[in-house]
Amino acid sequence: MHVAIFGTGYVGLVSGTCLAEVGHEVTCVDVDQGKIEGLRQGIIPIYEPGLEPMVKANHAEGRLKFTTDAGEAIAGAEIIFIAVGTPPDEDGSADLQYVLAVARTIGRHLQAPAIVVDKSTVPVGTADKVRETIAGELAARGMDVVFDVVSNPEFLKEGAAVEDCMRPDRIVLGSSNPASIERLRKLYAPFNRSHDRIVVMDVRSAELTKYAANAMLATKISFMNEIARIAEAVGADVEHVRRGIGSDPRIGWHFIYPGAGYGGSCFPKDVQALARTAAQNGLDPLLLKAVEAVNERQKGHLFELVLRHYGGAAVLRGKTFAIWGLAFKPDTDDMREASSRRLLQQLWDAGAKVRAFDPEACDEARRIFGQRPDLVLCDAAEQALEGADALAVVTEWKQFRSPDFARLRQVLGDAVLFDGRNLYEPEDVEAAGIAYWAIGRGRSIRNRGGAR
Ligand code: UDX
């Protein structure tokens, strides 16, 4: 089938590549000329495991094309995806300007019947707006072309995007038009072989499903972070509690890891946007507001542990912190809403210096922070430790999981480790003579009272 995809971000590029991989003819459209030029030469603007060889192979075989020419892409497409960004505007609502700009473009170029698919995470009611916008443009051209707008939210995770896209656990299709559903069933058939993963519903329910999924996951994390605080206060270990509750299948093992807070391009934005939708409909979204507030507080928690250890901010001036992990999670170079950003800012505000290492996100950090005297971006984890007084681990990259604690004890001036992802066993760290602060582990209380 011939497909056009607007937006070559995470969702657009990965979806387009996977659709080409199973044999569809895909044209990816973006307004960013540089990005399109780069993609044609095999330069992938994001780090995503497995994506680069797949883009190159499908491009070379002619099934995956990149263009800035919207008209050309629309002319040949029976299915047109909208996968552009929906950044939050000042009040937390999703900003639809890019989605609606694409809708206008579609309306200006559409010649033959097509199905327009909203893949971006968009507030309930957006499909109707997209429909009205396209219809308005068609009417202005005096054209009468049959089209439908379907909601088909994407659930892929950064770092596992290709895998998620090739083996989705569900494919949500929102439309009341059986013909559109039939076409999309065909499109997705290669991804839907072993059992039926397609869930059909009305368009508004599909739009809400995406927000409900992300808000539920964010709620689990904030819940665990709250339990971690309680554990810390009462001298319990949240890691025991986690193991104690995860075995209940109603709770499950996933997304109950306490940590330095959730980040990324989805959870923070989607929880806010859903709360906003609720408020606009006269509701008071008590739970969503709490999920967001708990997370905001949690992002500052590592620094709170730093303050507890050192007995205040005054002593931090001139100290050097090694930071392991800048990305909002492992296997990505994405630093949007990353907890590391909060910690770095708090350390800098207190006059401390930072030597940071991340396996993928150092270029992104360079782009965000530029050159500054209190930041050294390092090429290796070991290099970040040189001359450091303390180590803080913010992202749980695999390579940080088993450090040589004896070596850490030697190099860290103050022999202290702040673990924002509970990667280590307190006994192992402490046996090496290092003070250990983690999230929601009774140790943090035992250590209260300052440096040893
Ligand atoms: C998320 C959803 O998982 C995905 O289905 C949706 O399509 C987009 O949003 P993503 O943003 O890639 O995907 O990240 P995810 O892996 O879900 O992690 C989000 C954040 O939560 C990370 O900062 C992670 O460190 C944090 N997290 C996750 C925890 O703090 N604890 C956990 O138990 C799980």
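Reading the values: rules and limits
By convention here, each chain's residues receive numbers from 1 onward along its written sequence. The predicted origin of the model limits local features to residues at a pLDDT of at least 70 and limits the giving and counting of side-chain atom pairs to 80 or more, whereas totals for whole chains, interfaces and linings rest on all residues. Numbering of helices and strands runs from the N terminus; a helix is a DSSP stretch of H or I covering at least four residues, while a strand is a stretch of E covering at least two. Any residue whose C-beta has 12 or fewer other C-beta atoms within 10 Å is treated as exposed, any with 20 or more as buried, and any in between as partly exposed, C-beta atoms being built from the backbone. Any pair of residues counts as being in contact when their C-beta atoms, constructed from backbone geometry, are within 7 Å of one another. Domain limits in this description derive from either an automatic procedure or a database domain assignment. Polar here means any residue other than Ala, Val, Leu, Ile, Met, Phe, Trp, Tyr, Cys and Pro, which are nonpolar, and Asp, Glu, Lys and Arg, which are charged; Gly is therefore polar. Residues are counted as near a molecule or strand when the C-beta atom, derived from backbone positions, lies within 6 Å of that molecule or strand. For helices, the fitted axis covers only the stretch in contact; all axes are lines through C-alpha atoms, and the angles between them, taken along N-to-C directions, range from 0 to 180 degrees. In this scheme, a crossing is called left-handed if the near helix is turned counterclockwise away from the far one by less than a right angle; it is called right-handed if the turn is clockwise. UniProt positions are given in the numbering used here, feature names are shortened, and annotations may be inferred rather than shown by experiment. Each nonpolar core reported here comprises buried Ala, Val, Leu, Ile, Met, Phe, Trp, Tyr and Cys residues connected via C-beta atoms within 7 Å.

## Let's talk about the overall build of the protein
Now for step 1: Helix and strand counts for the protein come out as 19 helices and 14 strands.
Now for step 2: Taking the principal axes of its C-alpha atoms as reference, the protein extends roughly 75 × 45 × 45 Å.
Now for step 3: The proportion of buried residues among the 452 residues of the protein is 46%.
Now for step 4: For the protein, restricting intrachain contacts to residue pairs at least 6 apart in sequence, the fraction spanning at least 24 positions comes to 71%.

## Overview of the domain arrangement of the protein
Often, the extent of an interface is quoted as the loss of accessible area upon association of its parts.
Now for step 1: Domain assignment breaks the protein into domain 1 (2-201) and domain 2 (209-452).
Now for step 2: Computed over C-alpha atoms, the centres of domain 1 and domain 2 are 34 Å apart.
Now for step 3: Taken together, the contact between domain 1 and domain 2 spans 15 residues of the former and 19 residues of the latter.
Now for step 4: Taken together, the residues of the side of domain 1 that touches domain 2 sort by class into nine nonpolar, four polar and two charged.

## As for the site of the ligand
Now for step 1: Neighbouring the ligand are 19 residues, the closest being E158, Y257, Y262, G264 and C266.
Now for step 2: For the shell around the ligand, the element with the highest residue contribution is helix α9 (residues 203-234), accounting for three residues.
Now for step 3: Broken down by class, the residue content of the shell around the ligand amounts to eleven nonpolar, four polar and four charged.

## Here's the deal with the packing of helix α5 (residues 97-109) against helix α6 (residues 126-140)
Now for step 1: Contact geometry of α5 with α6 gives a least axis separation of 7 Å together with a crossing angle of 35°. Considering only the axes of α5 and α6, their crossing is right-handed. Between α5 and α6, the residues in contact are V99, L100, A103, R104, I106, G107 and R108 and T126, K129, V130, T133, I134, G136, E137 and L138, respectively.
Now for step 2: When grouped by side-chain class, the residues that make up the contact of α5 with α6 number seven nonpolar, four polar and four charged.

## A word on the UniProt feature "binding site: NAD(+)" (unreviewed entry) in the protein
Now for step 1: Under the UniProt annotation, the feature "binding site: NAD(+)" (unreviewed entry) is placed at D30, K35, T86, T121, E158, K269 and R336. A maximum C-alpha distance of 24.5 Å among these annotated residues, which run over 307 residues, shows that they spread across the structure rather than meeting at one spot.
Now for step 2: Structurally, T86 can be placed in the loop between β4 (79-82) and α5.
Now for step 3: Dropping the residues within four chain positions of it, T86 is found in contact with A94, D95, L96, V99, S120, T121 and V122.
Now for step 4: Within the secondary structure, T121 sits in the loop between β5 (114-118) and α6.
Now for step 5: The buried category is assigned to T121, around which 24 C-beta atoms lie within 10 Å.

## Description of the UniProt feature "binding site: substrate" (unreviewed entry) in the protein
Now for step 1: With numbering matched to this structure, UniProt assigns "binding site: substrate" (unreviewed entry) to F155, L156, K157, E158, K210, F255, I256, Y257, P258, G259, G263 and K329. The greatest C-alpha distance among the residues just named is 23.8 Å, and with 175 residues of sequence between them they are spread in space as well.
Now for step 2: In this structure, L156 sits in the loop between β6 (147-151) and α7 (161-166).
Now for step 3: The class of L156 is buried, set by 20 C-beta atoms lying within 10 Å.
Now for step 4: Those residues within four positions of L156 in sequence are excluded, and the remaining contacts are V11, V14, A161, D164 and C165.
Now for step 5: Within the secondary structure, E158 sits in the loop between β6 and α7.
Now for step 6: On the basis of neighbour counts, which here come to 24 C-beta atoms within 10 Å, the residue E158 falls in the buried class.
Now for step 7: Each residue touching E158, except ones within four places of it in the same chain, is listed here: Y10, G264, T332 and D334.

## Points about the environment of R108
Now for step 1: Relative to the assigned elements, R108 resides in helix α5.
Now for step 2: Judged by the 16 C-beta atoms lying within 10 Å of it, R108 falls in the partly exposed class.
Now for step 3: Distance from R108 to L96, taken between C-alpha atoms, is 18 Å for residues twelve residues apart in sequence.

## A word on the nonpolar core
Now for step 1: Formed by 125 residues in total, the largest nonpolar core has its most connected members in A4, I80, F81, V116, I323, L391 and A392.
Now for step 2: For this core, the element with the most residues is α9, which contributes ten residues.
Now for step 3: Counting contributing residues, this core receives three or more from each of domain 1 (2-201) and domain 2 (209-452).
Now for step 4: For I323, the contacting residues outside a window of four places in its chain are S340, L344, V354, A356, A384, A392 and V394.

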